[in-house]
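# Residue-level structure breakdown
The residues making up each chain are set out below.
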Amino acid sequence: MINLELPDYLDNLKTQMKGFAEGLLRPISRKYDEAEHVYPVELDVLRGMKVMGRPKKKEGEEKPKKDVERKNGANLSQAVTVEAICWGDVGLMLSIPGAGLGNAAIAAVATDEQMERFGDKWAAMAITEPASGSDAGSIQTTAVLDGDEWVLNGEKIFVTCADRCDAVVVWANVDPTAGKAGIKSFIVEKGTPGFTLEKLEHKLGIRASDTGTFVLKDCRIPKENILGSAEVKKSTEGFKGVMKTFDNTRPMVAAMSNGVASAALEFLKDKVEAQDIKLDYHENTNNVSATQKEYYLMEANLEAMKLLTYKASWMADEKIFNNVEASMSKAKAGKAGTLITQKVCELLGPMGFSREHLAEKWMRDSKILDIFEGTGQIQHLIVARNILKLSRNQLK
Amino acid sequence: MFDLSLSKEQKMVKDSFSKLVKDLVADNAHDMDEAGEIPVSAVQKAWELGCSVSGVPEEYGGYGMEDSPILSSLVLEELAYGDMAYAVAVTAPSLFIVPVNDMGTDAQKKSLLPNACTDDYNVFTMAMCEPHFGFDPVSLKTTAAKKNGSYVLNGAKCFVPCASRSEKMLVAANLDGENNLFVVEKGAAGLSVGEKEKNLGLYSLETNTVTLENCTVPAEARIGGDKGVDYDRVLARARIAMASMAAGMCRCSLDIVKQYALDREQFGEPIAYRQSIAFMIAEMAYETDAIRLLAWQAASRLEAGKSAKREAYLAKLYAGEMAMKICDYGVQILGGHGYIREMNVERLYRNARSISCLEALSMV
């Protein structure tokens, strides 16, 4: 039965996470924006916090029975958690030990045995290459099976948590003649010979997060480190499988955008109300000041962003195919979040341009959320192809 | 829990309205718009599905089901998917029935509801909008003054759905700084109903101006008795209705555009193969979803017995902005053809403007 109210326990989770973000992340938000690439030691206490993971299976544990009181699942809890933490600081959230996107990939497809080996490791995700951005199917990195080992060669850029992670989920092609169908993902542990972190990037925002370049040169990893099956199918089913990870991670990036946008809006609201200007959802928006109207429009947009995110997450929890909705949530949240943080700075005037306040930082931070895990344009392409039932050759 | 799945009942009701619209409205919406009227039989058929009376107790002529804003939101979206003018005409009585059922005194329910909740569709309505610049439903210029145990109403109203045929209407008026609703009967002294208004859209819907000149109504005419109504709740229920109808219109525009973009060939291939068109369609799709979710969120608050003032305010604001944008895209993608009245996107474009301009055309 339709009900868009978050249950009490999720409301409480949100409050709890926001409290944590306020106490632990906000005070060091500016510090690590300025001290780019320095590991935020304050985050050590969070090691092992399952933001992106899944709990390991415990012995004798049974699946919860249906029909008992139904509760929302892990994806929705995660959307709520990520939003609240990113209200604190998105760059720091990306730096929480063990909360890498690689962890999300592992959580999505790892076998129990792989979960046992890598579940506790901090895993980054390496897809992008110098010549392959949005066109992830064109990656050049190769993996060749040699006895009991995979031999990887290639270069990976824009890897989040490159310096701090323990392992990296690397996308590579096992059969370039098969095209996309040959793309598989592999877990490469730090310290493996032939696996080198070459440099860290200097970025517009999320400076607390270390983004780097890896070179794989005859890098040998155990055969068991492949995620999913090694078989190359004739169709592109396999590639679609790896792309499916995004159905879970894209709503999380949308949730990050929701968090940053809500931080900016809340800051603006405080400043507006301090001037005794009311924001009480009362008067006709045509009869209020431009600032008030802009605020209301932004808050309405934020609600739309959140609801599309919750929808995609809820579908994932309910095991409903959510490929379109995941992209919809990210398309909307990425774009609207960017516009909201820009507008908040505009309305704040000098306060919006000053590094004395965090608004300017949120404007820089939010921009990445319309770019990584698939740009806004890619999300639109996915949505359009799906709803128009067009192939990638028809709608390019 | 947070849940987007429809219950059996919700699905059944939604499907029955969807079928009705498909059978009676979808192919006729343009003709109704041109003719400037809606066949009585089409309205009666929807009425018989109980869209305005299902939440009224059986003793007052209703179906005795739970008063459910979410269910009404689903119904309004389906009706407006066919045609918004039709949705408003069919549910105009809700503007009267819902506030009375929700906030009236027992005596008012007993005396007013049975007449409105009959087997045959009878017009009942509400007068809220006012014809002046800067109209705001929270600062009404229409006034009510207490005099000798009665109330004297003065003011001008506009965009009152079906007012000329309405047996009774609720008039929103300011009484000592508080907004209230008063029952005014057809033919009451001091009440005059104008000709059918000529509007940008909703051609087939009759709306009228209503003037109140020292129109005196008895004390019992004040809904909720001496404590009046929860006016924020009245507005919330009306705003959720607007957002729900916006979702229906946008979905209709989207469906037309999807088909058109696949059929229409230029440069040797369907125009849907072009990103400039396809991206607009993608945006139409998720914004339509967003409007619906905002309406449902506000309706969920009401259903849980909470205030939906904030959520309904934002839902209508968003729906007003986005419905206009989406229906604009609808015309734009059809190009010159979209500008021709026979193509339904043209009607949707005009009708979409009503969401932000008007208030209280229906209630969930």
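Scroll up to find the structure.
Computed from a predicted structure; not experimentally measured.

With that settled, the discussion passes to the overall build of chain B. Secondary structure summary: chain B contains twelve helices and nine strands in total. Its C-alpha radius of gyration of 20 Å places chain B within 12% of the 21 Å reference for a compact globule of 364 residues. Taking the principal axes of its C-alpha atoms as reference, chain B extends roughly 80 × 45 × 35 Å. Looking at chain B as a whole, 62% of its 364 residues qualify as buried. Restricting to contacts in chain B with at least 6 residues of sequence separation, those with at least 24 account for 75%. By element, 49% of the accessible surface of chain B is carried by carbon and sulfur atoms, the whole surface being about 13,900 Å². Measuring between centres, the 37 positive side-chain charges of chain B sit 2 Å from its 49 negative side-chain charges.

Attention now goes to the nonpolar core. Membership of the largest hydrophobic core comes to 226 residues, with the highest contact counts inside it found for A:M256, B:Y86, B:L153 and B:V184. One finds A:L152, A:F186, A:V188 and A:F214 within the second-largest nonpolar core, a separate group that totals 22 residues.

Phi is positive for B:C162, close to 55 degrees, though the residue is something other than glycine. Note on placement: B:C162 falls in the loop between β3 (150-161) and β4 (168-175).

Let us look at the interface of chain A and chain B. Contacts between the two partners involve 45 residues from chain A and, on the opposite side, 47 residues from chain B. Where chain A packs against chain B, one counts six salt bridges. Across the salt bridge formed by A:E5 and B:K306, the nearest N and O atoms sit 2.5 Å from each other. Contributing elements (two or more residues each) for the side of chain A that touches chain B: α8 (290-317), α9 (323-348) and α12 (376-388) of chain A. Examining the composition of the side of chain A that touches chain B, we find that twelve residues originate from one element, α8(A), more than from any other. Classifying every residue of the side of chain A that touches chain B by side-chain character gives 24 nonpolar, ten polar and eleven charged.

Moving on, we come to the packing of aromatic side chains. All names here are of chain A. Following the criterion strictly, the structure yields twelve aromatic pairs over all chains and no others. Aromatic side chains W150 and F186 sit 5.1 Å apart centroid to centroid with 65 degrees between the ring planes, which places their arrangement in the edge-to-face category. Separated by 36 residues along the polypeptide, W150 in strand β3 (residues 149-160) and F186 in strand β5 (residues 183-189) bring together distant segments of the chain. As far as the burial class goes, W150 and F186 line up, both buried.

What follows covers helix α3 (residues 40-48) of chain B. Residue and element names in this part refer to chain B. What α3 keeps buried is the set A42, V43, Q44, A46 and W47. Tucked into the core, α3 has its buried residues touching α1 (8-24), α5 (84-91), α6 (94-103) and α7 (106-116). In the segment just after α3, G50 is the residue with positive phi, at about 85 degrees.

Thresholds, definitions, all that
- Residues numbered from 1 in each chain as written.
- Chains lettered and ligands numbered in written order.
- Predicted model: local features only at pLDDT ≥ 70, side-chain atom pairs only at ≥ 80, totals over all residues.
- Heavy atoms only, no water.
- Helix = DSSP H or I, 4+ residues; strand = E, 2+ residues; numbered from the N terminus.
- Rg over C-alpha atoms; globule rule 2.2 N^0.38 Å.
- Buried < 20%, exposed > 50% of the residue type's maximum accessible area, 1.4 Å probe, protein only.
- Contact = heavy atoms within 4.5 Å.
- Areas by Shrake-Rupley, 256 points an atom, 1.4 Å probe, with all protein chains shown as cover.
- Lys, Arg positive; Asp, Glu negative; His and termini not counted.
- Charge placed at Lys NZ, Arg CZ, Asp CG, Glu CD.
- Core = buried A, V, L, I, M, F, W, Y, C linked by side-chain atoms within 4.5 Å.
- Salt bridge = Lys/Arg side-chain N within 4 Å of Asp/Glu carboxyl O.
- Nonpolar A, V, L, I, M, F, W, Y, C, P; charged D, E, K, R; others polar.
- Phe/Tyr/Trp six-rings, centres within 6.5 Å; stacked < 30°, edge-to-face > 60°.

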